[in-house]
Amino acid sequence: MILGIDVGGTHTDAVLLERFKVVRKKKVITDPENLLHSLLEVTEKVLGDISPGNLKRVVLSTTMSTNAIVQGRISPVGMILASGPGLPPSLLRINEHSHIVSGYVNHRGEEVAAIDAGEIAHIVRTLRDEGIDHVGIVGKFSTRDPKIELDIERLVRSRFTHVSLGHQMSGNLNFPRRIATTYLNAAIWETYHTFIRSITQFVAQFDAHIPVYILKADGGTIEIGQSTACPVQTILSGPAASIMGILSLVDCVEDAVALDIGGTTTDIAIFAGGVPLLEPLGITIQGHKTLVRGLRTRSIGIGGDSRVACVNGRLSVGPMREGPAASLGGPCPTPTDAMVVLGLASIGNRERAVRAIEDIASALSRPLEETAHLIMEHASREIITHVRAMIEDINNKPVYTVHELLEGAKIEPKAMYVVGGPSGAMAPRLGELFEVPVHIPGDAEVANAIGAALARTTTELTVLADTEKGRLTIVEEGIQQRVERSFTRDDAVTLCREKLRARVLAMGAWEDDIEIEITEDQSFTMVRNSCIAGRNIRIKGQVKPGLIHGARR
Amino acid sequence: MTAKKKTGLIFFPAFDWAISPTHPEREERLLYTQDQVMEEGLFDFDNVIEFKPGLATIRDIDRVHICVPDAQHVITESHLISAGGAITAADKVLTKEVDNAFALVRPPGHHAMKVVHGARGFCNINIEAIMVEYIRTHFGHKRIAIVDTDCHHGDGTQDIFWHDPDTLYISVHQDGRTLYPGSGFPDEFGGPNAYGYTINIPLPPHTSEEGFLYVLDSLILPILADFKPDLIINSAGQDNHYTDPITNMNFTAQGYATLNDRLAPDIAVLEGGYSIESALPYINVGIILAMAGIDYGNVREPDYDPASIRQSAETTRYIRQLSSEIHDLWKSRDEERAKLIENAGYLRRQRSIYYDTDGINEEQAETIRVCSDCGGVFTIDSKADTGRRIFAVIVPGRSCPKCRTKGEQFFETTESGKYDYVYFQDRDKDIFIRK
Ligand SMILES: [Zn+2]
Ligand SMILES: [Zn+2]
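### Some thoughts on the overall build of chain A
Then, number 1: Within chain A one finds 14 helices and 27 strands.
Then, number 2: Expected size for 553 residues packed as a compact globule is a radius of gyration near 24 Å; at 26 Å, chain A falls within 12% of this value.
Then, number 3: Overall, the C-alpha framework of chain A stretches about 80 × 60 × 50 Å when taken along its three principal axes.
Then, number 4: Taken over 553 residues, chain A has a buried fraction of 58%.
Then, number 5: Taking contacts inside chain A between residues at least 6 apart in sequence as the whole, the part at least 24 apart equals 65%.
Then, number 6: Roughly 22000 Å² of accessible area belongs to chain A as shown, and the carbon and sulfur atoms make up 48% of that amount.

### Overview of the packing of aromatic side chains
Then, number 1: Per the stated rule, a full pass over the model turns up 14 aromatic pairs over all chains.
Then, number 2: Relative to phenylalanine 11 of chain B, the ring of tyrosine 400 of chain A has its centre 4.9 Å away and its plane inclined at 75 degrees; by these criteria the two rings are edge-to-face. One end of the pair, tyrosine 400 of chain A, is in the loop between helix H10 (368-395) and helix H11 (402-407); the other, phenylalanine 11 of chain B, is in strand S1 (residues 7-12), on a second chain.
Then, number 3: Of the residues examined, phenylalanine 11 of chain B reaches a relative accessible area of 2% and is grouped as buried.
Then, number 4: Ring geometry for phenylalanine 251 of chain B against tyrosine 256 of chain B: centres 4.7 Å apart, planes inclined by 55 degrees, an arrangement best described as tilted. The same class applies to phenylalanine 251 of chain B and to tyrosine 256 of chain B, which are both buried.
Then, number 5: Within the aromatic cluster, the residues linked to one another by ring pairs are Tyr400 and Phe524 of chain A together with Phe11 and Phe15 of chain B.

### Some details on the packing of H10 of chain A against helix H12 (residues 423-434) of chain A
All names here are of chain A.
Then, number 1: Interaxial distance between H10 and H12 falls to 10 Å at its minimum, and their mutual angle equals 50 degrees. Taken together, the axes of H10 and H12 lie oblique to each other. For the crossing formed where H10 meets H12, the hand is right-handed. On H12, the residues touching Met376, Glu377, Ala379, Ser380, Arg381, Ile383, Ile384, Val387, Arg388 and Ile391 of H10 are Ala425, Met426, Arg429, Leu430, Leu433 and Phe434.
Then, number 2: Split into classes, the residues belonging to the contact of H10 with H12 amount to 11 nonpolar, one polar and four charged.

### Digging into helix H10 (residues 313-331) of chain B
Along an α-helix, a turn takes 3.6 residues, which lines up residues three or four apart on a common side.
Residue and element names in this part refer to chain B.
Then, number 1: Relative to the 27 Å expected for 19 residues at 1.5 Å per residue, H10 spans 27 Å between its end C-alpha atoms, a close match to the ideal helical length.
Then, number 2: When H10 is considered as a whole, its buried residues turn out to be Thr315, Thr316, Ile319, Leu322, Ser323, Ile326, His327 and Trp330. Across the axial projection of H10, the buried residues extend over an arc of 135 degrees, all falling on one side. Across H10 from its buried face, at more than 90 degrees, point the exposed residues Ala313, Glu314, Arg317 and Lys331.

### Considerations on the side chain of glutamine 425 of chain B
Residue and element names in this part refer to chain B.
Then, number 1: Relative to the helices and strands, glutamine 425 resides in strand S15 (residues 421-426).
Then, number 2: For glutamine 425, the side chain forms a polar contact with the main-chain oxygen of histidine 65, separated by 3.2 Å.
Then, number 3: When near neighbours in sequence (up to four residues on either side) are disregarded, glutamine 425 contacts Asp62, Arg63, Val64, His65, Ile66, Lys114, Val393, Ile394, Val395, Ile431 and Phe432.

### Some thoughts on helix H9 (residues 280-292) of chain B
Residue and element names in this part refer to chain B.
Then, number 1: A rise of 1.5 Å per residue sets the reference length of H9, with its 13 residues, at 18 Å; its end C-alpha atoms lie 18 Å apart and thus fit the reference within 8%.
Then, number 2: Counting buried positions over the 13 residues of H9 gives 13, a clear majority of the element.
Then, number 3: Just beyond H9, the residue with positive phi is glycine 293, at close to 70 degrees.

### Quick notes on the sheet that holds strand S6 (residues 98-101) of chain A
Residue and element names in this part refer to chain A.
Then, number 1: One open sheet holds the four strands; their spatial order is S6-S5-S9-S10, and the pairing between them is parallel. Strands at the two margins of the open sheet, each flanked by one partner only, are S6 and strand S10 (162-165). The mean inter-strand angle of the sheet, taken between neighbouring strand axes irrespective of direction, is 20 degrees.
Then, number 2: Pairing of strand S5 (residues 77-82) with S6 involves four bridges; the strand directions are parallel. In the strand pairing of S6, isoleucine 80 is matched with histidine 99.
Then, number 3: Those strands touched by helix H5 (residues 175-206) are S5, strand S9 (134-139) and S10, and its axis lies near 165 degrees from that of S9.

### Considering the nonpolar core
Residue and element names in this part refer to chain B.
Then, number 1: Counting 91 residues, the largest nonpolar core has Phe102, Leu168, Ile199, Ile201, Leu203, Ile220 and Leu224 as its most contacted members.
Then, number 2: Looking at this core, the element that brings in the most residues is H9, giving 10 residues.
Then, number 3: Formed by 46 residues, the second largest nonpolar core is a distinct cluster that contains Ala71, Ile75, Ile160 and Phe161.

### Points about the interface of chain A and chain B
Where interface size is quoted, it is often the accessible area lost as the parts come together.
Then, number 1: Each partner contributes to the interface: chain A provides 47 residues, whereas chain B provides 45 residues.
Then, number 2: When the two sides are added together, the surface that chain A and chain B hide from each other amounts to roughly 3700 Å², 58% of it contributed by carbon and sulfur.
Then, number 3: Counting every contact that joins chain A to chain B gives nine salt bridges.
Then, number 4: A salt bridge links arginine 538 of chain A to aspartate 35 of chain B; its shortest N-O distance comes to 2.6 Å.
Then, number 5: Connecting chain A to chain B are 26 residue pairs in polar contact (both at pLDDT 80 or more).
Then, number 6: Looking at the side of chain A that touches chain B, the elements that each hand over two or more residues are H5, H11, strand S26 (516-528) and strand S27 (531-543) of chain A.
Then, number 7: For the side of chain A that touches chain B, the element with the most residues is S26 of chain A, which contributes six residues.
Then, number 8: Tallied by class, the residues present in the side of chain A that touches chain B amount to 22 nonpolar, 15 polar and 10 charged.

What counts and what doesn't
Residues numbered from 1 in each chain as written. Chains lettered and ligands numbered in written order. Predicted model: local features only at pLDDT ≥ 70, side-chain atom pairs only at ≥ 80, totals over all residues. Heavy atoms only, no water. Helix = DSSP H or I, 4+ residues; strand = E, 2+ residues; numbered from the N terminus. Rg over C-alpha atoms; globule rule 2.2 N^0.38 Å. Buried < 20%, exposed > 50% of the residue type's maximum accessible area, 1.4 Å probe, protein only. Contact = heavy atoms within 4.5 Å. Areas by Shrake-Rupley, 256 points an atom, 1.4 Å probe, with all protein chains shown as cover. Phe/Tyr/Trp six-rings, centres within 6.5 Å; stacked < 30°, edge-to-face > 60°. Axes fitted to C-alpha atoms, helices over the stretch in contact; angles between N-to-C directions. Parallel < 35°, antiparallel > 145°, perpendicular 65-115°, else oblique. Left-handed = near helix turned anticlockwise from the far one by under 90°. Nonpolar A, V, L, I, M, F, W, Y, C, P; charged D, E, K, R; others polar. Expected span 1.5 Å × (residues − 1). Arc of directions from axis to C-beta. Polar contact = N/O pair within 3.5 Å; in protein donor to acceptor, adjacent residues only side chain to side chain. Pairing = 2+ DSSP bridges. Core = buried A, V, L, I, M, F, W, Y, C linked by side-chain atoms within 4.5 Å. Buried area = accessible area lost by both parts, 1.4 Å probe. Salt bridge = Lys/Arg side-chain N within 4 Å of Asp/Glu carboxyl O.

Scope: geometric values only; no functional claims are made or implied.
This is how it looks when you write it as structure tokens:
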């Protein structure tokens with residue numbers, strides 16, 4: 001049996017799965033002051049008389065990290081940035097405790113300038129005086145060679161509770177994002193640790209041997225002990241749970257659109273051949289652009305409780321939510337009220353809904369029912385406009401080879417999946433407008449918990465080989481080794497697969513779930529003085545987001 | 001530093017295209033530039049927007065070039081993309097989606113002349129020229145200034161706009177006595193109907209920031225102020241850099257950024273630049289920041305040492321003298337033109353053109369109608385040692401009725417006979433015919 005728990009903002013849901021099918025589900029109100037209490041409560045309820053010894057794994061999806069950031073429950077972080085030349089320091093300082101220091105490597109990972117130990121010592125003193133316990137160290141091009149970051153770490157490690165290193169956040173380039181990611185990681189580290197410690201105690205009450213996983217932003221899971229090194233991976237796992245939930249409830253092997261229509265917003269996600277798409281560089285949280293691998297979603301301000309208004313004869317829906325639907329005593333008309341008027345939903349008091357929609361009807365000088373239809377139509381068209389824009393963005397993604405530019409595959413959705421409160425009322429029209437079959441999966445009210453329960457462990461890995469310098473780097477694993485001049489692209493791919501497998505197993509993956517995909521495959525002949533000097537090989541692989549073996553319908 | 005601008009970036013490094021495996025124009029050329037641009041996170045700035053290049057069409061090429069035997073035979077798909085990238089940059093600027101744009105694309109184009117028998121100086125088709133005529137066809141006739149800051153004389157662009165008084169072509173380059181293609185002297189000053197609208201500024205080897213910026217401030221900017229272009233285009237070659245392996249200049253990333261900041265081009269298009277590791281990553285970051293109005297003061301090469309690349313006092317004196325002579329020439333362009341044409345009806349020039357990349361020799365005779373009302377109709381008789389001989393009639397943009405009538409007559413009355421093909425290119429009506 002698998003236990004999946006989703007700690008959402010309002011509810012905490014739990015599902016118990018046997019042979020990948022839901023056998024029990026329970027819902028409790030989330031206690032934001034004590035998430036652990038909610039976890040305990042829902043677990044006891046869903047398990048009932050079932051012995052915890054029957055559980056093969058427990059997977060959690062929690063807004064803990066996200067909330068810590070959004071609500072500012074974070075530690076102050078001292079940031080030590082080895083920026084080298086390029087962007088001005090004023091654009092790199094992420095907080096008042098940021099210090100730009102000397103020392104940097106260039107784009108090929110060659111050390112151009114060393115660090116200045118005296119300078120670092122001075123910064124350590126300053127940060128200690130300011131009462132800072134958490135530090136982030138980030139170097140430009142540290143993913144090419146982390147030497148500078150490691151050199152600084154050696155000088156500061158013993159003086160602070162926690163040190164986050166930029167190159168351990170992601171193997172991808174982008175210095176400002178690396179700074180933001182490292183900062184957030186160090187900032188939530190304390191809160192996350194406390195939470196994980198209590199989870200571990202909580203599980204120990206049942207059975208210390210049940211593996212516990214936590215969902216990441218990319219829709220993949222990681223064993224909870226492993227997750228503490230890089231807690232930033234777990235931010236924004238809420239939308240990921242929802243997308244993985246939809247994936248687990250439908251039989252999707254083609255390009256498709258998934259919509260989660262909530263009270264305030266509608267979240268759009270795209271599947272390419274049944275695989276949810278990732279953000280190209282990383283997710284954005286609270287204005288911080290990060291390198292955190294995350295599922296690509298677009299959130300638009302249209303939901304069941306969006307404010308409906310009529311200004312100068314023009315109808316508008318959203319983006320604001322003033323409260324619940326008028327039928328439930330809310331302050332203004334909403335799409336939910338329109339549904340109630342049309343008999344598509346029975347929520348709250350119909351009289352109130354009618355009164356609210358009548359205001360709009362008289363402003364538009366239209367009959368009541370027609371107005372309710374217009375509101376639904378307006379909301380549906382708006383959503384579809386955003387879906388199309390998102391697909392266009394994906395299909396217009398710049399590419400860097402002649403082959404991809406001329407032959408590149410395009411996303412062409414063949415199906416649409418809709419979940420959320422208003423899905424029953426809105427899905428048919430959305431499908432019509434988008435001209436694809438539309439599906440409303442069953443069990444959708446606990447989709448997040450199911451998605452978490454069935455998500456497989458994911459990760460990525462980057463192999464860089466420079467045969468001119470005779471050097472190979474796998475920055476995610478902290479590997480730096482010599483390579484022969486004869487090292488080839490094929491050797492790099494083989495190594496990438498091997499190391500990726502080891503990495504994902506260490507993260508808690510099950511052998512059957514390791515489906516490896518090479519996502520970047522480049523090999524350049526390096527020419528110096530008109531002679532071939534070596535090869536610059538860049539291979540990236542991933543275990544892509546998906547369901548654990550056997551869960552696919 | 002100017003205010004923040006919305007900058008379009010068309011980045012197309014063509015990672016799967018090379019002239020040959022060890023050629024400077026190979027897959028690796030923009031690899032480290034990509035790394036630097038990505039690592040600096042430039043695409044994350046709200047005012048820097050990346051666009052995918054469109055594909056130029058054969059029609060876009062035929063509007064500018066006379067390709068022998070035809071456009072399909074002298075290009076690869078990669079050329080359609082790099083020209084398409086320049087066109088995308090122009091589209092985004094002219095539709096005001098962005099304030100300015102940089103086409104960071106390859107392969108380059110400024111050595112491609114009007115007639116194309118093959119590749120010269122790594123160039124098959126002239127991507128800026130194709131962009132310029134695209135702009136005029138789709139957005140109306142415009143006065144356009146092209147400032148070519150590639151280290152090599154842009155002899156192709158010069159040739160294409162030689163007779164066009166509405167296109168001011170200014171090339172700053174290493175003196176042709178010391179570098180390919182060996183042309184680009186101040187007396188190359190434009191055709192009889194566009195005299196003064198080609199300006200060449202050959203600088204001595206080892207010219208550094210000081211010299212380039214002096215020429216910009218004291219010569220180029222004043223001439224641009226006189227010309228009053230609707231659009232300024234920068235052919236942003238990056239081979240003036242002190243580390244470039246095939247040239248001998250001492251320009252820097254900081255210098256390129258400053259030049260771009262002061263010139264404030266509407267559109268920049270990458271040309272040459274072959275110091276792919278030590279120069280291009282830093283120059284391109286500098287140019288992008290300067291175009292977007294973001295502080296570029298911290299951009300420099302790892303081995304930057306201004307003292308070691310400073311130009312000599314003699315170079316400084318020489319450049320001051322040269323700038324002042326060229327400025328005088330510009331101011332007296334109308335009188336000089338009158339002397340040049342006297343009472344001639346037609347003028348003729350005879351040239352030999354060498355295609356170094358493809359090893360082709362061409363003999364060309366060009367005849368232009370002297371005209372004060374337009375750029376003048378002209379014909380080209382071109383014979384290459386590929387065995388092909390062609391004749392082309394070109395009716396210019398904003399042509400006067402007389403030149404138009406003459407052009408149509410020339411085309412009608414020219415028998416194919418000794419020519420493999422006879423071409424008619426009418427820029428006004430956007431017509432291209434081959435018979
Ligand atoms: Zn050049
Ligand atoms: Zn005329």
